[in-house]
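Analysis of the macromolecular model
So the chains spell out like this:
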Amino acid sequence: MRKFPDEFLWGAATSAYQVEGGNVLSDWWRIERMPGAPLERSGDAVDHYHRYAEDMGLLAGAGLSAYRFSIEWARLEPDEGEFSRAELLHYRRMIDTALTLGLTPVVTLHHFTLPAWLAAQGGWRAPGSLDAFARYVAFVSEILVDVEWVCTINEPNIAALMAGAAEHAMGGEFDGTLPTPDLAFGEILAVAHARARTEVKARTQAKVGWTVAQQALVPVPGAEEKFAELSWAWEDFYLQTARGDDFIGTQSYTSQTVSEKGIVPHPAHPDNTLTGWAYRPDALGIAVRRAHEVTQGTPILVTENGIAIADDTRRIAYTRTALTHLADAIADGIDVRGYLHWSALDNYEWGHWGPTFGLIAVDRTTFERQPKPSLAWLGDVARTAGASLEVA
Ligand code: BGC
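The present account deals with the structure reproduced in this document. Source: prediction; values computed, not measured.

**Comments concerning the overall build of the protein**
- Check the secondary structure of the protein and you find 13 helices and 13 strands.
- If one aligns the C-alpha atoms of the protein with their principal axes, the spans along those axes are about 50 × 50 × 45 Å.
- Burial statistics for the protein: of 392 residues in total, 58% are counted as buried.
- Across the protein, contacts joining residues at least 24 apart in sequence account for 79% of those joining residues at least 6 apart.
- Charge centroids of the protein, computed over 32 positive and 51 negative side chains, lie 2 Å from each other.

Structure below.
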């Protein structure tokens, strides 16, 4: 029987910009409106800003024990140096609600979006960005005193990739592959992470870590050198930075092959998900093992794993297989502290509403929530510490 540790966290995750709605002071609100950008707009998103208690109630009611959400920096610091205590206390109410419902809050401080005023100065590359981030984190720490898990920066490697993406596309090189994350940008984020960790640790008892998008890269025979080069730029630099941290957040969706030429784009296949990614539930096991190896044993929290799919039975099948691979890794001695499914809700997938990752569907006119069978299914897995995975 596959068992997970008793104190294992079972939950779901969201990020503020993707669910709250009305984040008009964030850089992404501007990005959505760039002339010619083929992006759908976030608008009211799924109004989680007002409906977080209902959403957390659904997760707790299903049997989950944790909820990962993020704080929108632009709400807390709408203009440079001007902080909003009312917004700070909004997020404190979210933490209180989670705790009251028996959900362990996992709080992310930066999930892709920056205040528009900082973006206008050059974003993370602006000379004052690190000081600004440390100041924001110090301000937030006041409400984190009893929070056990804090993620400083979500997917710094994808942030570093996005930084180079525009130039890559403009250079006419776009061939279906993604640009390699910009290491110089990643190094800025590594400093930001260290500074945030210092600020949080000075004021709380929280476990502090960052989260890394892991591609579960696998070399074809003969491509070992390319694999080593790309692994470093894509994720190992970020995993290595987490050596000695309280935890590393593993985020896994799919796996990709590396040939001598580079990362091989996912070929078209009927099983591909709504984001065009190959259906690879085994990726989670590969990712967790890599994180364990490169961090040299930093405890792992799976902070994201999921699938964009319309057919919820496929979500259940994917997650069941992913969790069996996770259980195998734990049985092999890897220290994994929890599993947070992406995502709690069908949400705004960075420019698109089509790819649905949620355990809960939302009617975007009435904002009515409709839990999917996968929510109750994951709740059963949580309640039985994985034993129900044996039941087909
Ligand atoms: C991000 C999420 C995103 C998800 C699915 C992760 O890269 O943290 O914001 O929605 O993957 O693409």
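And the narrative resumes.
**Description of the site of the ligand**
- Around the ligand sit 13 residues in total, of which Q18, H111, E155, E304 and E349 are the nearest.
- H111 is positioned such that a nitrogen or oxygen atom in its side chain is 2.9 Å from an oxygen atom of the ligand.
- Here the residues of the shell around the ligand are counted per class, giving six nonpolar, four polar and three charged.

**Quick look at the packing of aromatic side chains**
- By the definition in use, this model includes 26 aromatic pairs.
- Ring geometry for W73 and Y136: centres 4.8 Å apart, planes at 10°, overall stacked. Residue W73 is located in helix α4 (residues 73-76), and its partner Y136 is located in helix α7 (residues 129-141); the two are separated by 63 residues in the primary sequence.
- Accessibility expressed as a relative area gives 1% for W73, which makes it buried.
- Using a relative accessible area of 0% as the deciding quantity, one classes Y136 as buried.
- Members of the aromatic cluster, connected to one another through ring pairs, are Y17, W28, F112, Y348, W350 and W353.
- Sitting over the face of the ring of W353, R364 holds its NZ or CZ atom 3.6 Å from the ring centroid.

So, how was this worked out
- Residues numbered from 1 in each chain as written.
- Predicted model: local features only at pLDDT ≥ 70, side-chain atom pairs only at ≥ 80, totals over all residues.
- Heavy atoms only, no water.
- Helix = DSSP H or I, 4+ residues; strand = E, 2+ residues; numbered from the N terminus.
- Buried < 20%, exposed > 50% of the residue type's maximum accessible area, 1.4 Å probe, protein only.
- Contact = heavy atoms within 4.5 Å.
- Lys, Arg positive; Asp, Glu negative; His and termini not counted.
- Charge placed at Lys NZ, Arg CZ, Asp CG, Glu CD.
- Near = heavy atom within 4 Å.
- Polar contact = N/O pair within 3.5 Å; in protein donor to acceptor, adjacent residues only side chain to side chain.
- Nonpolar A, V, L, I, M, F, W, Y, C, P; charged D, E, K, R; others polar.
- Phe/Tyr/Trp six-rings, centres within 6.5 Å; stacked < 30°, edge-to-face > 60°.
- Lys NZ or Arg CZ within 6 Å of the ring centre and 35° of its normal.

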